[in-house]
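Structural overview
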Amino acid sequence: MKSNDLLDQRVICERLSSAVAGAVDSVEVLDVVDSTSEFLRRGAPPPPGRMKIALAEYQTGGRGRLGRRWLSPFGGGLCMSAGWSFPVAPPNLPALSLACGVAVHRALATLSPAGLGLKWPNDIVAGGAKLGGLLIDVQGESDGPIAAVVGIGINVEPVGDLAERFDNADSLPPTGLRSLVGDRDVSRNELAADVVNSLFAVLREFESSGFAPFADEWRRCDAMCGEPIRLRIGDRTRDGVALGIDDDGALLFGDTDGTRSVISGEVTLRRASADS
Ligand code: BTN
């Protein structure tokens, strides 16, 4: 880590667009916290149209998908969460994580990391390895307000021994942003602000229009389309091929039985798995 690269609330806020700066209720930069998402969930959700942000240098209980841990060394990644409230449930709420993935992809794309892409449902990948991931928590009723916390983890430092501690043996190996951008400088503060700017625009649009405006962009970022995959739903697995996503953000899974839409489950690239 560069010594001047600790997270700094002032630097982050200075880079927010004026529209976003005017809509952000709080930007909390924490040294250590259990989880930035839990931190926001303990507080009141922001009013509709407003945003709350929390970032941490280190999480003692970082959460990943499917009950896994999210590991990131002190100052070695971007661990951030954004709180947002929808006045009523938006169309395709389950696809919110895919739309937010588009937001993170847009922010990262300005740094041109080699092989940047998205893997259904919410992994940020680069060159066959995992650069980051999203975890969305939603609370509320279908006919009432919905409070969402969008958790985003991005590996910034080359991951080194983290790879050995990675507690997700079935999934992709981790990679770090700094090892993917050549000589380019990576500022975690600038990246954090770029993600917030991008996320704000996506949440506003998702609120009114759901996933439809993002489906084609997600498809262009799809790193898995056409690849042989293993789908795990509960304790059942099926081998097949990833055929992209449908307009609701469900995975299109093809096998000898035909093509079907999958709304939840875990996908492993078979060429990357140990037993393929
Ligand atoms: C995954 O790929 O499994 C999702 C990882 C999400 C990690 C982020 S880090 C910031 C936020 N706080 C958490 O505890 N988790 C998310």
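The following refers to the structure shown. Given the structure is predicted, the values throughout are model-derived calculations rather than measurements.

1. Topic: the environment of Leu172
The topology assignment puts Leu172 in the loop between helix 5 (162–165) and helix 6 (188–209). Since its relative accessible area comes to 4%, Leu172 is described here as buried. Sequence spacing of Leu172 and Ala129 is 43 residues, and the spatial spacing of their C-alpha atoms is 5.3 Å.

2. Some remarks on the site of the ligand
The local shell around the ligand holds 20 residues, among which Ser35, Gln59, Arg63, Arg65 and Lys130 are the closest. Side-chain polar atom of Thr36 to a nitrogen atom of the ligand: 3.3 Å apart, as the coordinates give it. In this structure, a nitrogen atom belonging to the ligand sits 2.9 Å away from a side-chain N or O atom of Gln59. Contact with the protein chains removes 98% of the 420 Å² of surface that the ligand exposes when unbound. With respect to the pocket detection grid, the ligand is positioned in the largest cavity. Those elements giving two or more residues to the shell around the ligand turn out to be helix 3 (36–42), strand 3 (77–86), strand 6 (129–140) and strand 7 (146–155). Among the elements that take part in the shell around the ligand, strand 6 stands out by supplying 4 residues, more than any other. Among the residues forming the shell around the ligand, the class breakdown is 6 nonpolar, 10 polar and 4 charged.

3. Some remarks on the nonpolar core
If you look at the biggest cluster of nonpolar residues, it comprises 71 residues, and the most contacted ones within it are Met51 and Phe211. When residues of this core are assigned to their parent elements, the largest contribution, 10 residues, is made by helix 6. Those residues in contact with Met51 that lie beyond four places of it in its chain are Ala23, Val24, Asp25, Ser26, Pro46, Ala82, Gly83, Trp84, Val196, Leu199, Phe200 and Leu203.

4. A look at the pairing of strand 5 (residues 123–126)
Along strand 5, one buried face is formed by Asp123 and Val125 and the opposite face, lined by Ile124 and Ala126, is buried too. In this structure, strand 4 (residues 116–119) lies alongside strand 5, joined through 4 bridges in antiparallel fashion. Of the residues in strand 5, the one forming a bridge with Gly117 is Val125. In this antiparallel pair of consecutive strands, strand 4 and strand 5, the connection spans 3 residues. As judged from the 4 bridges shared by strand 5 and strand 6, these two strands associate in the antiparallel manner. Bridge assignment links Val125 to a residue of strand 6, and that residue is Lys130. Adjacent in sequence and paired antiparallel, strand 5 and strand 6 are bridged by 2 residues, among which Gly127 carries a positive phi angle near 55 degrees.

Cut-offs used in this document
- Residues numbered from 1 in each chain as written.
- Predicted model: local features only at pLDDT ≥ 70, side-chain atom pairs only at ≥ 80, totals over all residues.
- Heavy atoms only, no water.
- Helix = DSSP H or I, 4+ residues; strand = E, 2+ residues; numbered from the N terminus.
- Buried < 20%, exposed > 50% of the residue type's maximum accessible area, 1.4 Å probe, protein only.
- Near = heavy atom within 4 Å.
- Polar contact = N/O pair within 3.5 Å; in protein donor to acceptor, adjacent residues only side chain to side chain.
- Areas by Shrake-Rupley, 256 points an atom, 1.4 Å probe, with all protein chains shown as cover.
- 1 Å grid on protein atoms, 1.4 Å probe; cavity = no way out; pocket = protein on both sides within 12 Å on 5 of 7 lines; lining within 4 Å.
- Sits in = over half its atoms within 2 Å of the grid points.
- Nonpolar A, V, L, I, M, F, W, Y, C, P; charged D, E, K, R; others polar.
- Core = buried A, V, L, I, M, F, W, Y, C linked by side-chain atoms within 4.5 Å.
- Contact = heavy atoms within 4.5 Å.
- Pairing = 2+ DSSP bridges.

No statement about biological role is implied by the geometric values presented.
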